[in-house]
Amino acid sequence: MKDLIKQNIGLLKPYVIPKESMHTKLDANENPFNLFDEIKEKFIDEIMHLELNRYPDTDSNELRELLAKFMDIKKENILCGNGSDEIIQIIINTFVDKEEYVITHNPTFSMYKIFTMIAGGRALEVSCENSFHIDIDQIIQEANKRKTKVIFLCNPNNPTGILIPRKGIEKIINSTKSIVVVDEAYYEFLDETIIDLVNQYERLIVLRTLSKAYALAGARIGYAVAHEGTMELLYRVKPPYNINVFSQTIGKLFLQHSQLIDAHIQKIKKERDDLVGAFYTMKDIEVFPTSSNFILIKSREAKKIIALCKENGIAVRGFENEKLLQDCIRITVGTREENRRLLDLMKKVVE
Ligand code: PMP
């Protein structure tokens, strides 16, 4: 088999998802509220009329129409994917040939690098050593030293929560010749976006998802927003029928109930601010500013905290093998009760 696999796949390790099931999941940046409970009767009504012998709408037209209304842009500026993961892969497959470069910052969401390697491209990571701040000028310098096809910027960044200023993003677009992808997976917890610039810059692609604030991680719906010319290229690569009919149905229903979602986003933001406040009062805990639904902390006691959480059925995200994130833990904001339980456990270690 070794002779058969592509060279880059030999270097890859599988994406690890923890196998133990914990009763409290604060490790995957999901929404802690199962909002499906409030909508499921309508969902059941709708699926009673489905013709499951037929393929779904290949381009998710109704979903895109709803999204277009929300963002006040045209449906032609939108592409829906089976999670934004799929769209990251579509973008790389559209633009990156073998041995060509993709630039990311480090740390960030790992799938940019993984999909680049799968495509046979080269991922160059610009390290964020200064309190995780993203060095705009270094990204520009590195991009211009070689032919760089795509630059991924994660805003706010997962796992640090750090923001990239809008001016910095515009500077990168204006000073390079690359496609610039701004991943706004956590946009709703912040409300700052660069989507208004997609018609001005053909090389800008913005990524969003319904997996986080929209509480639909199980349905796998992401979307990209870009100039119509750029979209035409991405649609050449998008697999047909990529979002199944159940997901399209539930996605539409959630978008039609955006007030319910908004109310829960406000709750999560309040919980986040309370959690950040509590972390600040703890000895030996460094807290990084966040604009998201997760918080990165650093502590000499990180290993102990993670182990104690695990013993008590709480999953948080540690980073054992990542140099820049040594002693860091990423904690997703949970419900009030979940957060209380976490804080009580942490107090046993750090106070
Ligand atoms: N981008 C970022 C920054 C993420 O954190 C994630 C999920 N962890 C994704 C994209 C993928 O999201 P989806 O569920 O839409 O595939």
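Scroll up to find the structure.
Residues numbered from 1 in each chain as written. Predicted model: local features only at pLDDT ≥ 70, side-chain atom pairs only at ≥ 80, totals over all residues. Heavy atoms only, no water.

(A) How the structure looks around unusual backbone geometry. Cis geometry marks the peptide bond from N106 to P107; its omega dihedral reads 5 degrees. Counting through the fold element by element, P107 comes out in the loop between strand 3 (101–106) and helix 5 (111–118). In the segment running from N155 into P156, the intervening peptide bond is cis, with an omega of -5 degrees. Inspection of the secondary structure puts P156 in the loop between strand 5 (148–154) and helix 7 (166–175). The phi torsion at D72 lies on the positive side, around 60 degrees, for a residue other than glycine. Among the structural elements, D72 can be located in the loop between helix 3 (61–71) and strand 2 (78–81). (Helix = DSSP H or I, 4+ residues; strand = E, 2+ residues; numbered from the N terminus.)

(B) Local environment of the packing of helix 4 (residues 83–95) against helix 5. Across the interface, helix 4 lies against helix 5 with an axial gap of 9 Å and an inter-helix angle of 45 degrees. Classified by the angle their axes make, helix 4 and helix 5 are oblique. Where helix 4 crosses over helix 5, the two elements pack in a sense that is right-handed. Along the contact surface, helix 4 presents D85, I88, Q89 and I92, while helix 5 presents M111, Y112, F115, T116 and I118. A class-by-class count of the residues in the contact of helix 4 with helix 5 yields six nonpolar, two polar and one charged. (Axes fitted to C-alpha atoms, helices over the stretch in contact; angles between N-to-C directions. Parallel < 35°, antiparallel > 145°, perpendicular 65-115°, else oblique. Left-handed = near helix turned anticlockwise from the far one by under 90°. Contact = heavy atoms within 4.5 Å. Nonpolar A, V, L, I, M, F, W, Y, C, P; charged D, E, K, R; others polar.)

(C) Local environment of the pattern of salt bridges. Summed over the entire model, instances satisfying the criterion amount to 24 salt bridges. A salt bridge links R54 to E51, with the nearest nitrogen and oxygen atoms 3.6 Å apart. Taking the shortest distance from any N to any O, the salt bridge between E142 and R146 comes out at 2.9 Å. For E142, a relative accessible area of 12% corresponds to the buried category. When salt bridges with common partners are traced through the structure, they connect K270, E271, D274 and R336 into a single cluster. (Salt bridge = Lys/Arg side-chain N within 4 Å of Asp/Glu carboxyl O. Buried < 20%, exposed > 50% of the residue type's maximum accessible area, 1.4 Å probe, protein only.)

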